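# Report on the structure
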Amino acid sequence: MQVETVYPSQFQLHLFHEGNLFESYKLLGSHVYRDKEEVYTIFCVWAPNAQSIGLVGDFNNWEADKYPLERINEEGIWFIKINKDLTGALYKYQITSSEGNTFLKSDPYAFYSELRPNTASIVYSLDGYKWNDARWRQKKTKKNSLNEPLAIYEVHLGSWKLHEDESLYTYRELADELIPYCLDQGFTHIEILPLVEHPLDISWGYQGTGYYSATSRFGEPKDLMYFIDQCHQNGLGVILDWVPGHFCKDAHGLYQFDGSSQFDYANPKDRENLVWGTANFDLGKMEVHSFLISNALFWMEYFHVDGFRVDAVSNIIYWPNSNESSMNPYGIEFLQKLNKTVAQYDPTILMFAEDSTDWPQVTAPVHYGGIGFHYKWNMGWMNDFLKYMETESQYRKDMHDKVSFSLHYAFSENFVLPFSHDEVVHGKKSLLNKMPGDYWQKFAQFRLLIGFMMAHPGKKLLFMGAEFAQFSEWKDKEQLDWLLYDYDMHKKANDFIKAILKIYKRSKPLYELDHVYEGFEWIDVNNRDQSIFSFIRKGKNPEDFLIVVCNFTYHTYEDYLIGVPKDGSYREILNSDAEEFGGANYINKKVIKAQEVSFHGRPFSVQLTIPAFSITILRPVQHRKERKGNGKEKMRGNAISRRKGE
């Protein structure tokens, strides 16, 4: 590269300050260049309030006066060129603010960082990794995710699995362990809690300092490239949990970077995030737009991520600390700009909003007045359904609407149904342990919980450990309780997860029309007394449908009548009470023939056994000639009580 192209151009600087330099990581940070026989390293940083900046590192005994940066514009871009190849060097910026205060800061654009608890930046080149995922990337261009199955495994890499000495697995070791495991379970995507560099393990990555630096806890950035490359070669997508709303206040990070509110709001009420003890990005600053939107494109370009789960969107849509009473126009503008830019750069990238508000059109395109996400986490469904399931079964009839209410808005956005890390930590109990009742009942209701999620409209997300019904809540400093696979009920719970994920991915009615009313129809939503819900999931082909029956009580029913839309025969393709899943084996072994008995407003009906705390899924297997006449509608529901602990 020629020398004159290294020095920041006026056009680049203009775009950065305008908020539209979306590859700002190629301008700022540290970069090694070769020009014929010459090798040199440049450093470029934005610090508008700085009086002076010195480059310090292990190459100059950390003495700032040896390498002073030059301020090259009034808006605060500083630059230095060092006639050395500093690859691998440790460095920081020694900044003296306009008030005369001096402090050391890591590089906001560093590509690599020292292993915690050390905090220096490292000169590192991201070039040179040879990707082998072209087939995966090409395949993505031919798919519409809305019409495809999406089953996400949410993972915290630091506590998924540990070595015997409790040391962390590396990115490359995780490629060998985590990828085959996810494939065996049946997930389509891995969602990883934030991988930006962060000082404290207990923040799980949500309080970052190095947004361009893949955390060195698990190895070098190119090792992470290898991990993602292997995911793609094995058919797994990778979603990165990403936090553009707030950042940690550690002294070496972005907070008060040049002695002023540079990345954060000047008003303390807006700046200070009282819940997390962090600082909120000032989304009204155009340089912050360049920093954050560039960061999304950076992870796409260099690490080939397939999507972002954008954390705490409500803290961006509304002013911080306003209790969602005051809309933040800067936040809305930023999110729309982010989603538009990402879509222009790569239309296959999936954008997920972790949003608990009722703000409209979160997943509508920006040009239609929406915010532009592809999916929104359905926090309302999650909260309602968990509250329902945590209630003793005899009282669920009083909370019947907690199950049905979500269908009033299920198609107002494109939703993901999340059972995430937030629901199984800090005393909230694991999904299994949230279930009331004795040991057997907990597992039965756990299977019902997961089964209903899989059958309900919306894409799916499970946090690690749920796949084998971990009994303890998430312990973020320890690995998952892998020993539970040696226990029969946990192994069978995992068999159920695998079975229903397989059915989900193979059954178009469970995903093809996830986002539109035409894909769902209640059969019976009013059976409050028995707490039984039945519904139809439909594919694009009218002949392609499934009958789903969920029993949320401790009673088994024989010869239970369910209205069905068509004559013919039906086969039970899943019953969570099957013995192989840890149930009592009240299943429907034989093909069930429809009767010409009108019920639930439908011309035909089937009789089947409905076990306690179960989900049953039926699929039509053949079509008979229509029969004339309709029988008299009558209910059949002979309850069989079950012994406790059976």
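Residues numbered from 1 in each chain as written. Predicted model: local features only at pLDDT ≥ 70, side-chain atom pairs only at ≥ 80, totals over all residues. Heavy atoms only, no water.

Below, the discussion takes up the overall build of the chain. From N to C terminus, the chain includes 14 helices and 31 strands. Each principal axis of the C-alpha atoms in the chain carries an extent, and together these give about 90 × 55 × 45 Å. Within the span of the chain, comprising 646 residues, buried residues form 62% of the whole. Across the chain, contacts joining residues at least 24 apart in sequence account for 72% of those joining residues at least 6 apart. For the chain, the exposed surface amounts to about 25400 Å²; the carbon and sulfur share of it is 48%. (Helix = DSSP H or I, 4+ residues; strand = E, 2+ residues; numbered from the N terminus. Buried < 20%, exposed > 50% of the residue type's maximum accessible area, 1.4 Å probe, protein only. Contact = heavy atoms within 4.5 Å. Areas by Shrake-Rupley, 256 points an atom, 1.4 Å probe, with all protein chains shown as cover.)

Read from one edge of the open sheet, 4 strands run 1-2-5-4, paired in antiparallel fashion. The open sheet is flanked by strand 1 (29-35) and strand 4 (70-71), the only strands paired with a single partner. In terms of strand pairing, strand 1 meets strand 2 (residues 38-46) through 7 bridges, oriented antiparallel. In the strand pairing of strand 2, valine 32 is matched with threonine 41. (Pairing = 2+ DSSP bridges.)

On to helix 9 (residues 329-345). For helix 9, built from 17 residues, the straight-helix expectation of 24 Å at 1.5 Å per residue is met to within 8% by its first-to-last C-alpha distance of 24 Å. Taken as a whole, helix 9 has its buried residues at Gly331, Ile332, Phe334, Leu335, Lys337, Leu338, Asn339, Thr341 and Val342. Along its buried surface, helix 9 packs onto helix 1 (10-18), strand 14 (237-242), helix 7 (286-303), helix 8 (314-317) and strand 19 (350-353). Sitting at the amino-terminal end of helix 9 is asparagine 328, which places a side-chain oxygen 3.0 Å from the backbone nitrogen of tyrosine 330. (Expected span 1.5 Å × (residues − 1). Polar contact = N/O pair within 3.5 Å; in protein donor to acceptor, adjacent residues only side chain to side chain.)

What follows deals with the sheet that holds strand 19. In spatial order, the strands read 10-11-14-18-19-20-21-22; together these 8 strands close into a barrel with parallel pairing. Pairwise comparison of adjacent strand axes, ignoring direction, gives a mean angle of 25° for this sheet. Here strand 20 (residues 375-377) pairs with strand 21 (residues 415-419) via 2 bridges, running parallel. Counted as the bridge partner of tryptophan 377 is valine 416 from strand 21. Of the strands in this sheet, strand 10 (151-155) and strand 11 (189-192) touch helix 4 (residues 171-185), which is tilted by about 145° from strand 10. Helix 5 (residues 221-233) rests against strand 11 and strand 14 of the sheet, and its axis sits at about 140° to strand 14. (Axes fitted to C-alpha atoms, helices over the stretch in contact; angles between N-to-C directions.)

What follows concerns the pairing of strand 26 (residues 555-564). The buried fraction of strand 26 amounts to 7 of the 10 residues, a majority that puts the element mostly inside the structure. Bridge count between strand 26 and strand 29 (residues 604-610): 6 bridges; the pairing is antiparallel. If you follow leucine 561 over to strand 29, its bridge partner there is glutamine 607.

In this section: the nonpolar core. Counting residues in hydrophobic clusters, the biggest one holds 192 residues, and the most contacted among them are Phe227, Phe303, Phe308 and Phe419. Broken down by element, the residue count for this core peaks at 11 residues, all from helix 7. Core analysis: the next-biggest nonpolar cluster, separate from the first, contains 18 residues, Tyr560, Ala594, Phe604 and Leu618 among them. (Core = buried A, V, L, I, M, F, W, Y, C linked by side-chain atoms within 4.5 Å.)

Within the structure shown, the criterion is met by 65 aromatic pairs. With 6.2 Å between their ring centres and 45° between their planes, phenylalanine 111 and tyrosine 302 make a pair best called tilted. Placement of the pair is phenylalanine 111 in the loop between strand 7 (102-105) and strand 8 (112-113) and tyrosine 302 in helix 7, with a sequence separation of 191 residues. Geometrically, the ring pair formed by tryptophan 299 and phenylalanine 303 is tilted, given 4.7 Å between the ring centres and 35° between the ring planes. A residue pair is termed a helical-turn pair when its members lie 3 or 4 positions apart in one helix, as tryptophan 299 and phenylalanine 303 do in helix 7 at 4 residues. Exposure remark for tryptophan 299: the relative accessible area of 1% places this residue in the buried category. Positioned above the aromatic ring of tryptophan 377 is the side chain of arginine 309, whose terminal nitrogen or guanidinium carbon lies 4.5 Å from the ring centre. (Phe/Tyr/Trp six-rings, centres within 6.5 Å; stacked < 30°, edge-to-face > 60°. Lys NZ or Arg CZ within 6 Å of the ring centre and 35° of its normal.)

Using the criterion set out here, one finds 29 salt bridges in the structure. Ionic pairing is found between lysine 66 and glutamate 63, a salt bridge with its closest N-O pair at 3.4 Å. The exposure class assigned to glutamate 63 is partly exposed, which follows from its relative accessible area of 34%. The shortest N-O distance in the salt bridge between glutamate 354 and arginine 309 comes to 3.7 Å. Of the two residues, glutamate 354 sits in the loop between strand 19 and strand 20 while arginine 309 sits in strand 18 (residues 307-310), which places them 45 residues apart along the sequence. (Salt bridge = Lys/Arg side-chain N within 4 Å of Asp/Glu carboxyl O.)

The next point concerns the packing of helix 4 against helix 5. Remark: helix 4 packs on helix 5, axes separated minimally by 8 Å, with the N-to-C direction vectors making an angle of 20°. It follows from the interaxial angle that helix 4 and helix 5 lie roughly parallel. When you trace helix 4 past helix 5, the crossing you get is right-handed. Contact residues: Tyr171, Arg172, Leu174, Ala175, Leu178 and Ile179 in helix 4; Lys222, Asp223, Leu224, Tyr226, Phe227, Gln230 and Cys231 in helix 5. For the contact of helix 4 with helix 5, the class distribution of residues is 9 nonpolar, 1 polar and 3 charged. (Parallel < 35°, antiparallel > 145°, perpendicular 65-115°, else oblique. Left-handed = near helix turned anticlockwise from the far one by under 90°. Nonpolar A, V, L, I, M, F, W, Y, C, P; charged D, E, K, R; others polar.)

Taking 1.5 Å of rise per residue, 19 residues should cover 27 Å, and helix 14 (residues 488-506) covers 27 Å from first to last C-alpha, within 8% of that figure. Along helix 14, the residues classified as buried are Met489, His490, Lys492, Ala493, Asn494, Phe496, Ile497, Ile500, Leu501, Ile503 and Tyr504.

A word on unusual backbone geometry. Note the cis peptide between arginine 116 and proline 117, where omega equals 5°. Counting through the fold element by element, proline 117 comes out in the loop between strand 8 and strand 9 (121-122). For histidine 426, which is not a glycine, the phi torsion comes out positive at approximately 55°. Tracing the backbone through its elements, the reader meets histidine 426 in the loop between strand 21 and helix 12 (431-434). Among the residues examined, histidine 426 registers a relative accessible area of 65% and is labelled exposed. Phi is positive for alanine 469, close to 55°, though the residue is something other than glycine. Counting through the fold element by element, alanine 469 comes out in the loop between strand 22 (459-463) and helix 14. Taking the relative accessible area as the measure of exposure, alanine 469 reaches 1% and is therefore buried.

Another aspect to go through is the confidence of the model for the chain. Here the chain averages 94 in pLDDT, while 95% of its residues score no lower than 70. Here residues 624-646 scores under 50 on pLDDT; set against residues more than four positions off or in separate chains, the count is 63 contacts. (pLDDT = per-residue confidence, 0-100.)

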